[in-house]
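The chain contents come next:
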Amino acid sequence: MTHPSDSTTTPADAARADLHGRHVVLGLSGGIACYKAAELARALVKAGATVQVVMTEAAEQFITPVTMQALSGRPVFTSAWDTRDVDGNANNMAHINLTRHADAVLVAPASADFMAKLLHGRADDLLSLLCLARPIETCPLLIAPAMNREMWAHPATQRNVAQLRADGTHLLGPDSGEQACGEVGEGRMLEPEQLLEELIGFFRPKPLAGKRVLITAGPTFEPIDPVRGITNLSSGKMGFAIARAAAEAGAEVTLVTGPVHVGTPRGVRRIDVRTALQMADAVIPLAPTQDVFIATAAVADWRPATLAEQKIKKNGSKVAPTFELTENPDILAAVAKQALVEGHPFCVGFAAESHDLLKHAREKRERKQIPLIVGNLGPATFGRDDNALVLVDAHSHRDLPPADKLTLARWLITDIAQRLQSTETPL
Ligand code: CTP
């Protein structure tokens with residue numbers, strides 16, 4: 001059998017993969033969202049996990065174990081009476097053995113019926129049995145509900161959700177939107193890539209638990225007339241990666257972004273703005289409630305002093321129009337000034353330079369009066385998926401080697417969390 005990741009994954013990729021070394025029991029209960037579980041199994045394997053699929057009888061009505069075996073690369077378990085060995089253990093106790101080396105059980109889809117069963121600790125099929133028999137301290141249970149909106153909203157289901165949470169079960173979703181039945185509402189299962197992101201985040205350390213992090217990202221767009229404006233090539237990717245890394249680290253994250261085409265990381269509150277003034281209006285009142293402020297946005301330094309209400313026409317003229325520009329507020333400097341008085345948020349700036357990176361980053365850090373600035377060589381990195389950074393504080397600098405932006409973002413967030421901790425630890 002050809003393993004799904006064989007053609008695309010090198011050993012080096014595998015070692016870098018987010019779920020490398022993780023063993024996940026992927027449980028499927030009955031629901032049309034089972035078709036998404038196929039893609040999920042593939043994504044988990046590509047992310048480096050070993051995936052052991054367990055299916056209920058109802059799940060087999062929607063998708064076959066053959067498909068799930070092909071995608072996970074392992075035989076699928078469907079029955080509590082299955083006598084096959086698990087990890088070389090021939091004691092005929094699949095319901096025990098399946099979770100003894102698992103890092104998590106993820107039930108996706110979790111039907112309303114399956115959730116009700118979990119709640120009562122019922123164990124009349126292999127999947128519910130192994131959920132009950134798993135070592136609760138070392139093998140967390142995550143479920144991705146999938147059901148019709150009326151079933152989800154029903155008081156019985158909502159009661160079950162509350163009790164499952166109280167019992168330590170982690171709910172992923174559900175999402176809201178169009179459902180297989182044709183109705184629209186809350187109850188559809190998260191998409192495979194969203195579940196993957198949730199699971200990766202779940203396993204990450206949580207050094208920013210209980211902290212609030214505010215981030216700016218992307219370019220700003222300064223209108224000249226209704227159809228034109230001044231902007232720049234910032235893609236927002238670095239800021240969005242930092243937002244994801246901060247959320248993975250357990251922070252409550254607010255991301256204020258200019259116009260970009262990047263998906264919002266899971267669990268991040270996103271505020272869309274267009275101009276520097278709008279960005280300042282969104283950020284400055286929020287900043288005093290935050291523990292960390294990270295300014296990655298490429299804010300336009302200048303905006304047209306006046307906005308033409310109608311499109312500026314050539315009207316046969318050969319003379320190009322001229323614009324008067326006026327300076328935009330420096331959002332980072334304003335927040336940093338307040339932070340000097342209040343003691344928070346911890347402010348982090350970005351400096352995109354074309355040359356003399358360290359020198360300019362040092363000067364910029366002092367000018368903005370911020371404890372930390374992150375230098376990178378732009379514009380070569382705008383829009384790319386990888387980058388290299390240098391962290392500059394009042395005493396020294398530290399190079400973060402070239403890597404993809406999410407890896408760099410995680411290093412940066414770990415660094416910031418350590419700085420926060422050391423300022424909070426009494427001497
Ligand atoms: N910044 C901001 N508001 C502005 C301008 C910049 O918050 N109006 C923030 C950016 O998000 C970034 C840092 O300040 O964190 C960049 O500083 P800036 O002085 O704008 O850098 P450059 O534009 O690169 O400056 P220069 O043209 O002097 O190199």
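Thresholds applied
Residues numbered from 1 in each chain as written. Predicted model: local features only at pLDDT ≥ 70, side-chain atom pairs only at ≥ 80, totals over all residues. Heavy atoms only, no water. Helix = DSSP H or I, 4+ residues; strand = E, 2+ residues; numbered from the N terminus. Buried < 20%, exposed > 50% of the residue type's maximum accessible area, 1.4 Å probe, protein only. Contact = heavy atoms within 4.5 Å. Areas by Shrake-Rupley, 256 points an atom, 1.4 Å probe, with all protein chains shown as cover. Lys, Arg positive; Asp, Glu negative; His and termini not counted. Charge placed at Lys NZ, Arg CZ, Asp CG, Glu CD. Pairing = 2+ DSSP bridges. Near = heavy atom within 4 Å. Polar contact = N/O pair within 3.5 Å; in protein donor to acceptor, adjacent residues only side chain to side chain. Nonpolar A, V, L, I, M, F, W, Y, C, P; charged D, E, K, R; others polar. Core = buried A, V, L, I, M, F, W, Y, C linked by side-chain atoms within 4.5 Å. Domains from an automatic or database assignment. Buried area = accessible area lost by both parts, 1.4 Å probe. Salt bridge = Lys/Arg side-chain N within 4 Å of Asp/Glu carboxyl O. Phe/Tyr/Trp six-rings, centres within 6.5 Å; stacked < 30°, edge-to-face > 60°. Lys NZ or Arg CZ within 6 Å of the ring centre and 35° of its normal. pLDDT = per-residue confidence, 0-100.

S.K.: Would you explain the overall build of the chain in this entry?
M.R.: For the chain, the helix and strand inventory stands at 14 helices and 19 strands. Viewed in the frame of its principal axes, the chain has a C-alpha envelope of about 80 × 60 × 45 Å. The 427 residues of the chain split such that 48% are buried. A sequence separation of at least 24 residues applies to 67% of the contacts in the chain between residues at least 6 apart. Of the roughly 21100 Å² of accessible surface on the chain, a fraction of 52% belongs to carbon and sulfur atoms. Separation between the mean location of the 43 positive side-chain charges and that of the 48 negative ones in the chain comes to 4 Å.

S.K.: Honestly, the pairing of strand β9 (residues 222-225) in this entry has me stumped. Any pointers?
M.R.: Looking along a regular strand, one sees the side chains alternate between the two faces of the sheet. For β9 and strand β10 (residues 228-230), the ladder comprises three bridges, and the chain directions are antiparallel. Within the sheet, the bridge partner assigned to E222 lies in β10 and is I230. Between β9 and β10, which pair antiparallel in sequence order, lie two residues.

S.K.: So what exactly am I meant to see when it comes to the site of the ligand here?
M.R.: Surveying the vicinity of the ligand reveals 14 residues, the closest of which are A295, A297, P329, F350 and K364. Separating an oxygen atom of the ligand from a backbone N or O atom of A295 is a distance of 2.6 Å. With respect to the ligand, the backbone of P329 contributes an N or O atom lying 2.8 Å from a nitrogen atom. Contact with the protein chains hides 75% of the accessible area of the ligand, taken as 580 Å² for the molecule alone. Secondary-structure elements contributing two or more residues to the shell around the ligand are α12 (331-342), β16 (346-353) and α13 (357-368). Across the shell around the ligand, the residue classes tally to eight nonpolar, one polar and five charged.

S.K.: Which parts of the structure should I look at to understand the nonpolar core?
M.R.: As a rule of thumb, soluble globular proteins bury nonpolar side chains together. Ranked by size, the top nonpolar core spans 37 residues in total, and within it L19, L26, L28, L44, M68 and L106 carry the most contacts. Listing elements by their share of this core, those giving two or more residues are β1 (23-28), α2 (34-46), β2 (50-55), α3 (65-72), β3 (104-110), β4 (141-145) and α9 (192-203). Looking at this core element by element, the count peaks at eight residues for α2. Apart from residues lying up to four places away in sequence, L28 is in contact with C34, A37, V53, V54, M55, T56, A59, I63, M68, A108, P109 and L127. Ranked by size, the runner-up nonpolar core spans 36 residues in total, among them A217, A251, L372 and A417.

S.K.: So what exactly am I meant to see when it comes to the domain arrangement of the chain here?
M.R.: Often the size quoted for an interface is simply the accessible area lost on bringing the parts together. When the domains of the chain are assigned, the result is domain 1 (19-203) and domain 2 (212-424). Each of domain 1 and domain 2 was reduced to a C-alpha centroid, and the two centroids are 39 Å apart. If you look at the interface, domain 1 gives six residues, while domain 2 gives five residues. Carbon and sulfur atoms make up 45% of the surface buried where domain 1 meets domain 2, a total of about 520 Å² over both sides. Remark: the boundary between domain 1 and domain 2 carries one salt bridge. A salt bridge links E198 to R266; the nearest nitrogen and oxygen atoms lie 2.9 Å apart. Counting the contacts that link domain 1 with domain 2 gives two residue pairs in polar contact (both at pLDDT 80 or more).

S.K.: Even after reading the chapter, I still don't get the packing of aromatic side chains, so can you show me in this structure?
M.R.: How two aromatic rings sit relative to each other is given by the distance of their centres and the angle of their planes. Within this structure, the stated rule accounts for one aromatic pair. For the ring pair F202 and F203, a centre distance of 5.7 Å and an interplane angle of 70° mean the geometry is edge-to-face. Over the ring of F203 we find R22; its NZ or CZ atom is 4.2 Å from the centre of that ring. The side chain of R84 reaches across the aromatic face of F77, ending 4.4 Å from its centre.

S.K.: Honestly, the confidence of the model for the chain in this entry has me stumped. Any pointers?
M.R.: Do not read the predicted coordinates in detail wherever pLDDT is low. Per-residue pLDDT for the chain has a mean of 93; in total, 94% of the residues score no lower than 70. Note that residues 1-9 has pLDDT below 50 and, in this model, 14 contacts with residues that lie over four places away or in other chains.

S.K.: Sorry, what's going on with the pairing of strand β8 (residues 212-217) here?
M.R.: When you tally the buried positions in β8, you get five out of six residues, the bulk of the element. Where β8 and strand β11 (residues 252-257) come together, six bridges link them in parallel fashion. Residue pairing for β11: L214 is matched across the bridge by T254. Looking at chain direction, β8 and strand β13 (residues 292-295) are connected through four bridges and run parallel. Bridge assignment links T216 to a residue of β13, and that residue is A295.

S.K.: How should unusual backbone geometry be read in this particular structure?
M.R.: Backbone torsion omega between A108 and P109 reads 5°, so that peptide bond is classified as cis. For the bond from G173 to P174, the omega torsion is 5°, close enough to zero to count as cis. Mapped onto the secondary structure, P174 falls in the loop between β5 (170-171) and β6 (175-178). The phi dihedral of D87 falls on the positive side, at around 50°, and the residue is not glycine. Looking at where D87 falls in the secondary structure, it is placed in the loop between α3 and α4 (94-100).

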